[in-house]
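Chain and residue survey
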Amino acid sequence: MARKVVTSPEPPTRRKRGFERAGALVSGHLRGPAEKRGFAEARLLTHWAEIVGAEIAEIALPVRITYGRGFGGTLVLLTTGANAPVLEMRREEVVERVNACYGYRAVSRVQVTQTAPTGFAEGQVAFAPRARPVKAAPDPERLKQATTGLTHIEDEGLRNALAALARNVLTNKRT
């Protein structure tokens, strides 16, 4: 009887010397989940803001691409209800930019979804709000001059509201 020779598994391939890009390290791990949702290019998910632009990326997330019988698939975008009309108007722009990423007409239609699909963990639509510019503190002398007569007001709520109004008026850049 011939004995079966058991060989040890091959040692892992040695990585390049030095640093590697993070995208190269995780691309293999992202490929499987991305392909399950129909994305042949994981770059569409990882570089979404660069592909479609910052304005569209703030209000929409790509969910999946479905392919039917015709040429080109349907890109499903997740958004909040108030932003759906904006996406409807800009759907041709989204199609052009996504197809430019793929290099061929991979997407022919865009479907806008306003609620989370079943089982999609990121479906809570938590889009990052735009960063508001920080207002500069008002000039202390002007603020003191604007709030001098407020000490005679007995109602504390009214006094605080008028002080906040004076502070807001003085921080307005147009004044």
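The structure this text deals with has already been given above.
Residues numbered from 1 in each chain as written. Predicted model: local features only at pLDDT ≥ 70, side-chain atom pairs only at ≥ 80, totals over all residues. Heavy atoms only, no water.

What follows deals with the overall build of the chain. When its secondary structure is counted, the chain shows eight helices and three strands. Counting helices and strands in the order they occur from the N terminus, the chain gives α-α-α-α-β-β-α-α-β-α-α. The buried share among the 175 residues of the chain stands at 27%. About 13,500 Å² of surface is accessible on the chain, with carbon and sulfur atoms providing 54% of the total. (Helix = DSSP H or I, 4+ residues; strand = E, 2+ residues; numbered from the N terminus. Buried < 20%, exposed > 50% of the residue type's maximum accessible area, 1.4 Å probe, protein only. Areas by Shrake-Rupley, 256 points an atom, 1.4 Å probe, with all protein chains shown as cover.)

We now examine the sheet that holds strand β3 (residues 107-113). Taken together, three strands build an open sheet; the order of strands is β1-β2-β3 and the sheet is mixed. Lying at the two open borders of the sheet, with one neighbouring strand each, are β1 (60-66) and β3. Taking each pair of neighbouring strands and ignoring which way they run, the sheet shows an average axis angle of 25°. Judged from the six bridges that link them, β1 and strand β2 (residues 73-79) form a sheet pairing that is antiparallel. (Pairing = 2+ DSSP bridges. Axes fitted to C-alpha atoms, helices over the stretch in contact; angles between N-to-C directions.)

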